[in-house]
Amino acid sequence: MRVYLETFGCQMNELDSELVRSNLHSLGYSFVDRPEEASVILFNTCSVREQAEQKAWSRIGIIGQRKKAGEKLILGVLGCMAERDGLDMLRRHPQVDILCGPGELDRLPHLLANMRSATDERPARTERVALAGNSSRRTATLEAAQDGLEALDLSRSFDPAHSLAGTASAYVRITRGCNKFCTYCVVPHTRGAEVHRPPDHIVDECKRLADQGVIEVTLLGQTVNHYRYTHGRALTVDGRELPQVGPGLAAFRPQDARVRAASGERTTTFADLLFRLHEEVPALRRIRFVTSYPRDFSDEALQVMAQCDRVCPYLHAPAQSGSDRILKLMNRGYTVSEYLEFVDRAFQIVPDLCLAGDFIVGFPTETDEDFEATCDLVRRVPFKNNFIFKYSPRPGTVAYDRIPDDVPDEVKRWRNNRLLALQSERSALVHAEWLGRTLPVFFQGTRSARRAPAAAAAGLVGATIEGRDPAPSFPAGPDSVGSWQAIGRTAGDLIVAVSMNSSADARALVGSIHTATMVGAEALLLRGRLDEQNSSVIGL
Ligand code: 5AD
Ligand code: SF4
């Protein structure tokens, strides 16, 4: 059967799609690039902002029209929208056959098999719906449920042609879910409580990926630095370790840590995990991680970043706002001065650090002064880039229920553009500090340097629209000597474009690390010149 799978939203979703693809592929399904060629259409959806949902709704509508016109198709909605809308989606959109939440993806083959074995009538809802919040949820324990999901991660096979993270680069999940309950965010509602994977599983997965040619892994978690695994707690009958529910914020209080250590409890912290991966998987040239929660980031983890040369000096640590009042309403759990303390400490311990973040503008009750405070934070902290979002009220969240969305859309838009422009200026300055440095660059794509992309025409520079990576749409600069560019990233995740004489020359670099000297700095990227002497050196 031919499957078309489209992914919306974040890196976690991209990884989920990769795992779904690998799982279905091993069961004999083949994948096609265009929905018209498929008999199974899967949308892996995102609910973080309304805009992402709208996009998915319009795709679902198109498939509905095709089904009405008589085409025999199976339509599955996976991910956060399935979990959030639940059975309501089936009632309002009868063209949807399968619903599968992000915590139930291991059950997708079963749901598809049920659909396929049905002759005339569609099978009962329970046969085609798997949601954490649904009554058809498996009756087994959380551990067993997590074990099924765990098997999905562990059974993956890396396919460079379909690796969404790019050639020779793979995502590896270390934590599922989130316990923070920021008041604007649906993630804790759709992905559930924080669950940590056993460190041995993560190390094994990374080793296998490295054996398959992967040289960069990005460890994924909603609050990745909260990774903590206590050994000897969650075991199977035969002594294998299982994923386990996170210990909660108390585990990060120093006094609590001392009590735990005194009791002889053996834990693997985030710092330990980074160190283990660095030591035990030497074939990985780059170990990255996202997203960091600006609180509870230990000195030990920063020290591992500083001392282990293959652990990348890059942090994505969203501040979300520069106003204490708004941070409190968001339930972020830190103040601006605590955020600044974290950033100062991080730059002190990891001198070559590159820092990125996220901001939400137009959160309910945000005043001009609050917004100015956010601008001040952007002026003060050397962010290399920021993903900037207009607040989007999400049903089911505390902010949606308790704080009216009172900032008019045009004010949100204005603040969004202002912050983008300010970040643009800041990005150019941060990039300029790297001029003259010779750095290893991991090349992951090419583009024609002559094409003038729409993003440049629209003046969208220095930051990104709705969290999308700017890499595919860089403007071509006047100094381009060749007509093709190879695009890569430094260890600190700075984007570098190198001009090449032909597309073949540019393509030859993709998938490997070469050193380049930084010769130009712009808001979106650095321009690099390939270091001919040293171009085969593979470093961080
Ligand atoms: N509205 C706007 N942005 C949001 N984010 C999360 N929830 C919302 C929302 N309701 C942003 C945050 C987060 C990023 C992944 O998405 O900045 O860090
Ligand atoms: Fe959402 Fe906050 Fe958790 Fe991030 S930390 S996933 S913003 S609830």
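Structural data are supplied above this passage.
In this text, all values refer to a predicted model and were calculated from it rather than measured experimentally.

Visitor: What's the story with the packing of helix 11 (residues 270–280) against helix 12 (residues 299–307) in this structure? I'm lost.
Guide: Helix-helix packing is characterised by the crossing angle of the two axes and by the distance between the axes. Where helix 11 meets helix 12, the axes come as close as 8 Å, and the angle between the chain directions of the two elements is 20 degrees. It follows that helix 11 is roughly parallel to helix 12 by the angle criterion. The hand of the helix 11/helix 12 crossing is left-handed. Residues F270, A271, L274 and F275 of helix 11 lie in contact with helix 12, whose contacting residues are E300, A301 and V304. In the contact of helix 11 with helix 12, the residues fall into six nonpolar, no polar and one charged.

Visitor: Quick question: what am I supposed to make of the packing of helix 15 (residues 368–380) against helix 17 (residues 409–432) here?
Guide: With their axes 10 Å apart at the nearest point, helix 15 and helix 17 run at an angle of 15 degrees to one another. Here helix 15 is positioned roughly parallel relative to helix 17, judged by the angle of their axes. At the point where helix 15 passes helix 17, the crossing takes the right-handed sense. Contacts between helix 15 and helix 17 involve D368, F371, E372, T374, C375, V378, R379 and R380 from the former and W414, R415, R418, L419, L422, Q423 and R426 from the latter. Residue composition of the contact of helix 15 with helix 17, grouped by class: six nonpolar, two polar and seven charged.

Visitor: Looking at this structure, how should I read the site of ligand 2?
Guide: Taken together, C178, K180, F181, C182, Y184, C185, V187, P188, Q222, T223 and R332 make up the full set of residues near ligand 2. When the residues that make up the shell around ligand 2 are grouped by side-chain class, the tally is seven nonpolar, two polar and two charged.

Visitor: Honestly, the nonpolar core in this entry has me stumped. Any pointers?
Guide: Note on soluble globular proteins: their nonpolar side chains tend to be buried together. Counting 70 residues, the largest nonpolar core has F289 and L315 as the members making the most contacts within it. Counting residues per element, this core draws most heavily on helix 14 (residues 336–349), which supplies six residues. Each of domain 2 (155–312) and domain 3 (314–433) accounts for three or more of the residues forming this core. Those residues in contact with F289 that lie beyond four places of it in its chain are T218, L219, V224, F270, L274, F297, M305, V311, Y314 and L315.

Visitor: Looking at this structure, how should I read the site of ligand 1?
Guide: Ligand 1 sits among V48, R49, Y184, Q320, D358, I360, F389, K390, Y391, S392 and R394. Q320 places a polar side-chain atom, nitrogen or oxygen, 2.7 Å from an oxygen atom of ligand 1. A distance of 2.8 Å separates a nitrogen atom of ligand 1 from a polar backbone atom of S392. Here ligand 1, which alone exposes 400 Å², has 85% of that area covered by the protein. For the shell around ligand 1, the secondary structure elements donating two or more residues are strand 16 (354–361) and strand 17 (383–390).

What counts, and at which threshold
Residues numbered from 1 in each chain as written. Chains lettered and ligands numbered in written order. Predicted model: local features only at pLDDT ≥ 70, side-chain atom pairs only at ≥ 80, totals over all residues. Heavy atoms only, no water. Axes fitted to C-alpha atoms, helices over the stretch in contact; angles between N-to-C directions. Helix = DSSP H or I, 4+ residues; strand = E, 2+ residues; numbered from the N terminus. Parallel < 35°, antiparallel > 145°, perpendicular 65-115°, else oblique. Left-handed = near helix turned anticlockwise from the far one by under 90°. Contact = heavy atoms within 4.5 Å. Nonpolar A, V, L, I, M, F, W, Y, C, P; charged D, E, K, R; others polar. Near = heavy atom within 4 Å. Core = buried A, V, L, I, M, F, W, Y, C linked by side-chain atoms within 4.5 Å. Buried < 20%, exposed > 50% of the residue type's maximum accessible area, 1.4 Å probe, protein only. Domains from an automatic or database assignment. Polar contact = N/O pair within 3.5 Å; in protein donor to acceptor, adjacent residues only side chain to side chain. Areas by Shrake-Rupley, 256 points an atom, 1.4 Å probe, with all protein chains shown as cover.

Remember, this is a structural readout, not a statement about activity or role.
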